[in-house]
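# Overview (structure and organization)
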Amino acid sequence: MDEHRQGTRRAGAYLARWAAQVEAELERLLPAESEPPQVLHRAMRYATLSPGKRLRAVLAVAACEAVGADGDRALALGAAIEMIHAYSLVHDDLPAMDDDDWRRGRPSCHRAFGEGIAILAGDALQTLAFEVLSQLPARAGIQPATAVAVSAVLARAAGSRGMAGGQAADLAAVGRAVDAATLSFIHRHKTGALIRASLVSGALVGLDEGEAGLRHPAVEALGRFGESLGVAFQIVDDLLDAGDERKAHEASYARLLGAERAVQEADRLTQEALAALQALGPSGELLGDMARLLRHREA
Ligand SMILES: CC(C)=CCC/C(C)=C/COP(=O)(O)OP(=O)(O)O
Ligand SMILES: C=C(C)CCOP(=O)(O)OP(=O)(O)O
């Protein structure tokens, strides 16, 4: 087996192992279905615990380990990130946005619970994520200054200068011809921002130096890695969705440039991501394997 195949296998095993731990943490952190209002709590659990890859959480764990700390330190953080991600998918599927009936192989949250509850489940997942971040010092022995820095990184990445902003630009592009610069803005914000923030926040928790961690060379390198990886991830997602008629009106590189050039762009960005990892030396190897795994993933 060649070196790269061995590496992607290692990354696959790492992803599976930590995804299971993230799910156990989510189980603990999400309100029980028996707690009123039951329907809202059922919807929050449905949207979050449905079968997802837990990629962003595992990137946070891997970044935490890449700076020399134990991945367990980033588990509650990873769960919080998955709550933000689950919220974004619930709202993305709403009739006012992508109007998707299916998510993770199941009826989307609003199909299962109605639009009102889906909107509230998304809202409550996002606020629960920040509640969990505020508890990082008590739960994971992390310095309060680090918890504040991590909260700021994730709030910015999820907000109007990040994911929500990217989604707004994406909505504005529906049914229009978009240029490469607009598409790049959409991808960097809608998808890239949270992926980048997962890596940066995981490393911040690993270093536990408060805001000063943001200036650490490894954190800067992980941020650059996340920027390229996030866009490559979205391009591959669009390529995997390419046969889906219902997505034909959405802005994507495959639609703008054709599948072949979209593949080239995903390859170029993956190489750019791998180059950013050089600064980490051997501690960046696993993240490099993850980038290759994601580039060659199948639906
Ligand atoms: C603030 C909000 C609602 C953000 C949504 C962010 C997001 C990345 C949605 C999924 O994108 P997609 O539509 O390309 O993916 P999928 O194919 O999974 O629907
Ligand atoms: C940003 C995009 C492309 C939305 C889906 O993200 P994932 O592919 O990580 O979704 P789950 O595994 O969490 O369902």
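An unreviewed UniProt entry lists the chain under the name Farnesyl diphosphate synthase, with Geochorda subterranea given as the organism. Looking at the Cofactor (unreviewed entry) heading of the UniProt record, one finds this comment for the chain: "Mg(2+)". What UniProt records for the chain under Sequence similarities (unreviewed entry) is the sentence "Belongs to the FPP/GGPP synthase family."

## Digging into empty space enclosed by the protein
If you walk through the whole model with that rule in mind, you get two cavities of 30 Å³ or more. Its boundaries defined by the atoms lining it, the largest cavity holds a volume of some 100 Å³. Put simply, the parts of the chain that give the lining of the largest cavity at least two residues each are α2 (38-49), α4 (75-93) and β2 (106-107). Broken down by element, the lining of the largest cavity gets its largest block of residues, four residues, from α4. Considered class by class, the residues forming the lining of the largest cavity number seven nonpolar, two polar and four charged. The calculated volume of the second largest cavity comes to roughly 30 Å³. In terms of lining residues, the second largest cavity is bounded by L229, A232, F233, V236, T270, A291, L294, R295 and R297. Where the lining of the second largest cavity is concerned, the elements lending two or more residues are α11 (217-240) and α14 (285-295).

## Description of helix α9 (residues 163-173)
Where α9 is concerned, the buried positions are M163, G165, G166, Q167, A169, D170 and A173. For α9, the secondary structure elements touched by its buried residues are α4, α8 (144-158) and α10 (180-207). A positive backbone phi angle near 75 degrees is found at G175, which sits one or two residues after α9.

## Here we look at the packing of α9 against α10
Direction vectors running N to C along α9 and α10 enclose 145 degrees, while the axes themselves pass 7 Å from each other. By crossing handedness, the relation of α9 to α10 is classed as left-handed. Residues M163, G165, G166, Q167, A169, D170 and A173 of α9 touch α10, and the partners they reach there are F185, I186, H189, K190, A193 and L194. Across the contact of α9 with α10, the residue classes break down as seven nonpolar, four polar and two charged.

## Observations concerning the site of ligand 1
Neighbouring ligand 1 are 15 residues, the closest being D98, R103, K190, D241 and K247. Here an oxygen atom of ligand 1 sits 3.2 Å away from a polar atom, N or O, in the side chain of D92. Every element with two or more residues in the shell around ligand 1 is listed here: α4, α9, α10 and α11. With four residues, α4 is the largest single contributor of residues to the shell around ligand 1.

## Description of the site of ligand 2
G52, K53, R56, H85, L89, R104, T191, F233, Q234 and D237 make up every residue found near ligand 2. K53 places a side-chain nitrogen or oxygen 2.5 Å from an oxygen atom of ligand 2. One of the side-chain nitrogen or oxygen atoms of R104 is found 2.8 Å away from an oxygen atom of ligand 2. Burial of ligand 2 by the surrounding chains reaches 87%, relative to a free accessible area of 390 Å². Secondary structure elements with two or more residues in the shell around ligand 2: α4 and α11. Split into classes, the residues belonging to the shell around ligand 2 amount to two nonpolar, four polar and four charged.

Here is what the cut-offs are and how they apply
Residues numbered from 1 in each chain as written. Chains lettered and ligands numbered in written order. Predicted model: local features only at pLDDT ≥ 70, side-chain atom pairs only at ≥ 80, totals over all residues. Heavy atoms only, no water. UniProt positions renumbered as here; feature names shortened; annotations may be inferred. 1 Å grid on protein atoms, 1.4 Å probe; cavity = no way out; pocket = protein on both sides within 12 Å on 5 of 7 lines; lining within 4 Å. Points joined across faces, edges and corners; volume = space filled by probe spheres on them. Helix = DSSP H or I, 4+ residues; strand = E, 2+ residues; numbered from the N terminus. Nonpolar A, V, L, I, M, F, W, Y, C, P; charged D, E, K, R; others polar. Buried < 20%, exposed > 50% of the residue type's maximum accessible area, 1.4 Å probe, protein only. Contact = heavy atoms within 4.5 Å. Axes fitted to C-alpha atoms, helices over the stretch in contact; angles between N-to-C directions. Left-handed = near helix turned anticlockwise from the far one by under 90°. Near = heavy atom within 4 Å. Polar contact = N/O pair within 3.5 Å; in protein donor to acceptor, adjacent residues only side chain to side chain. Areas by Shrake-Rupley, 256 points an atom, 1.4 Å probe, with all protein chains shown as cover.

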